[in-house]
Amino acid sequence: MKIVTNPREMQNISRSLIVGGKTIGFVPTMGYLHAGHLSLVKASRAENDFTVVSIFVNPTQFAPNEDFSKYPRDMEKDEKLLVEEGVDYLFYPSATDIYPSGFETYVEQEKIAHTFEGEFRPTHFRGVTTIVSILFNIVQPTKAYFGQKDAQQCAVLSRMVKDLWFPVEMVVCPIVREEDGLALSSRNVYLNKMERQEALILSKTIEFAKNLIREGERDTNTISTLAMENLEKPVSAKPDYFLVVKYDSFESVEKLEPGEKYFLLAACSIGKTRLIDNAIITV
Ligand code: AMP
């Protein structure tokens, strides 16, 4: 695996691969890799001639009160995992190379980015769309791999790719979970023993809501209210939202319609750690 820190060098490597008729699979990450990230790497390896993984803890997607400086990092372990997966290039730029002094151009999505996660983290998606645009222009991937774990991020980025004509195919991969149901996340490392147990409330509440729907409940207000009551149960839990939105457009709905596909979205702080989870359901 070649480690590339210079954006121009990465761009030149990608260009020459493309000129040579090769396909490039790209997996953008913030590092502290786990099996969720590696599932994206495996998918990329299976479908492309070359795989590029980036590790960049992107400052512009964190608000001042969030965990940018303490976000977990372990380059040595990440590097080893990526070598084991057979990754071809690790792109590992510095913040000053990506955002040099004088940087003043941002990519902002207007609608989906300002709802749900966007209400709780108002500047988050602007940081995400900006960094992913920059990375796409540097890496020039044929296909880019993202996790359904961040469902709204996938919706925002798919819209961006379409609106701005990025010549990239978006691939969304399923959520990888611990055996007990907790969705893997680099942030799980913040949880103490009790919180780790209590964090199961997210996946349990999603199951609880799925059951309500299976039993015939179609009113999304009722589903959200009952789910929020459930999310509140653990001592350390502070729920932000539980919502049902349309799968394609991420729009809220009042009534679930037969044959339609929806996302069940949960966001909840467990102690000081904010976690999100979701599931897809067809009614
Ligand atoms: P991050 O390093 O948290 O920015 O995540 C990098 C990519 O990995 C994103 O596309 C995430 O959606 C994806 N990802 C994170 N956790 C999981 C998971 N448990 N299962 C599948 N993909 C994930």
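Here is what the cut-offs are and how they apply
- Residues numbered from 1 in each chain as written.
- Predicted model: local features only at pLDDT ≥ 70, side-chain atom pairs only at ≥ 80, totals over all residues.
- Heavy atoms only, no water.
- Core = buried A, V, L, I, M, F, W, Y, C linked by side-chain atoms within 4.5 Å.
- Buried < 20%, exposed > 50% of the residue type's maximum accessible area, 1.4 Å probe, protein only.
- Helix = DSSP H or I, 4+ residues; strand = E, 2+ residues; numbered from the N terminus.
- Domains from an automatic or database assignment.
- Contact = heavy atoms within 4.5 Å.
- Pairing = 2+ DSSP bridges.
- Axes fitted to C-alpha atoms, helices over the stretch in contact; angles between N-to-C directions.
- Patch = residues over 30% accessible without salt bridge, like charges linked within 9 Å, V, L, I, M, F, W, Y side chains within 5 Å.
- Areas by Shrake-Rupley, 256 points an atom, 1.4 Å probe, with all protein chains shown as cover.
- Salt bridge = Lys/Arg side-chain N within 4 Å of Asp/Glu carboxyl O.
- Parallel < 35°, antiparallel > 145°, perpendicular 65-115°, else oblique.
- Left-handed = near helix turned anticlockwise from the far one by under 90°.
- 1 Å grid on protein atoms, 1.4 Å probe; cavity = no way out; pocket = protein on both sides within 12 Å on 5 of 7 lines; lining within 4 Å.
- Points joined across faces, edges and corners; volume = space filled by probe spheres on them.
- Nonpolar A, V, L, I, M, F, W, Y, C, P; charged D, E, K, R; others polar.
- Buried area = accessible area lost by both parts, 1.4 Å probe.
- Polar contact = N/O pair within 3.5 Å; in protein donor to acceptor, adjacent residues only side chain to side chain.
- Near = heavy atom within 4 Å.

1. Here we look at the nonpolar core
Met10, Phe136 and Phe250 are the most contacted members of the largest nonpolar core, which totals 43 residues. If you list the elements that add at least two residues to this core, you get helix H1 (7–19), strand S2 (24–29), strand S4 (89–91), helix H6 (124–139), strand S5 (143–147), helix H7 (151–163), strand S7 (237–246) and strand S8 (261–270). Looking at which domains feed residues into this core, each of domain 1 (2–173) and domain 2 (186–282) gives three or more. With sequence-adjacent residues up to four places away left out, Met10 is seen in contact with Val4, Val52, Tyr89, Phe91, Ile138 and Val139. Leu231, Val253, Ala266 and Ala279 belong to the second largest nonpolar core, which has 25 residues in total.

2. Quick notes on the sheet that holds strand S3 (residues 50–55)
Reading across from one edge, S1-S4-S3-S2-S5-S6 is the order of the 6 strands in this open sheet, with parallel pairing throughout. Looking at the sheet topology across the chains shown, the edges are occupied by strand S1 (2–4) and strand S6 (169–173). Across the sheet, the mean angle separating the axes of adjacent strands is 25° when strand polarity is ignored. As judged from the 6 bridges shared by S2 and S3, these two strands associate in the parallel manner. Note on S3: the bridge partner recorded for Gly25 is Thr51.

3. Quick look at the environment of Ser14
Within the element layout of this structure, Ser14 appears in helix H1. You can call Ser14 buried: its relative accessible area is 0%. As a C-alpha pair, Ser14 and Gln140 span 126 residues in sequence and 6.4 Å in three-dimensional space. Once residues lying within four places of it in the same chain are set aside, the contact partners of Ser14 are Ile24, Ile138, Val139 and Gln140.

4. Overview of a nonpolar patch on the surface
Together, Met1, Ile3, Val83 and Tyr92 line one region of the surface with nonpolar side chains, adding up to about 320 Å² of accessible area. Residue classification places Val83 among the partly exposed positions, given a relative accessible area of 47%.

5. Concerning the packing of helix H9 (residues 201–214) against helix H10 (residues 220–231)
For the pair H9 and H10, interaxial distance at closest approach is 9 Å and the crossing angle is 150°. It follows that H9 is roughly antiparallel to H10 by the angle criterion. The two elements H9 and H10 cross, and the hand of that crossing is right-handed. Contacts from Ile201, Leu202, Thr205, Phe208, Ala209, Leu212 and Ile213 in H9 reach Ile223, Leu226, Ala227, Asn230 and Leu231 in H10.

6. Digging into the layout of surface pockets
Empty space left among the atoms is revealed by rolling a probe the size of a water molecule over them. Each pocket or cavity is described by its volume, and for the second largest pocket that value is around 430 Å³. Residue lining of the second largest pocket: 20 residues in total, with Ile112, Ala155, Ser158, Tyr247 and Asp248 positioned closest to the centre. Split by residue class, the lining of the second largest pocket holds 9 nonpolar, 4 polar and 7 charged. Taken domain by domain, the makeup of the lining of the second largest pocket includes at least three residues from each of domain 1 (2–173) and domain 2 (186–282).

7. Some words on the domain arrangement of the protein
Note on interface size: it is often stated as the accessible area lost on association of the parts. Here the domain parsing of the protein yields domain 1 (2–173) and domain 2 (186–282). Each of domain 1 and domain 2 has a C-alpha centre, and these two points are 26 Å apart. Each partner contributes to the interface: domain 1 provides 21 residues, whereas domain 2 provides 20 residues. Each partner contributes to the roughly 1700 Å² buried at the junction of domain 1 and domain 2, and carbon and sulfur atoms together form 55% of this total. Applying the counting criterion to the domain 1 and domain 2 interface returns 3 salt bridges. Among the salt bridges present, the one from Glu251 reaches Lys111, with a minimum N-O distance of 3.6 Å. Taken together, the connections running from domain 1 to domain 2 amount to 8 residue pairs in polar contact (both at pLDDT 80 or more). For the side of domain 1 that touches domain 2, the element with the highest residue contribution is H7, accounting for 3 residues.

8. Here's the deal with the site of the ligand
The ligand sits among 16 residues. The nearest are Met30, His37, Asp150, Val176 and Leu184. Contact between the ligand and Val176: a nitrogen atom at 2.9 Å from a main-chain N or O atom of the residue. Leu184 is positioned with one of its backbone polar atoms (N or O) 2.9 Å from a nitrogen atom of the ligand. For the ligand, whose unbound accessible area comes to 490 Å², protein coverage reaches 92%. Secondary structure elements with two or more residues in the shell around the ligand: S2, helix H2 (35–47) and S5. Among the elements that line the shell around the ligand, the one with the most residues is H2, at 3 residues.

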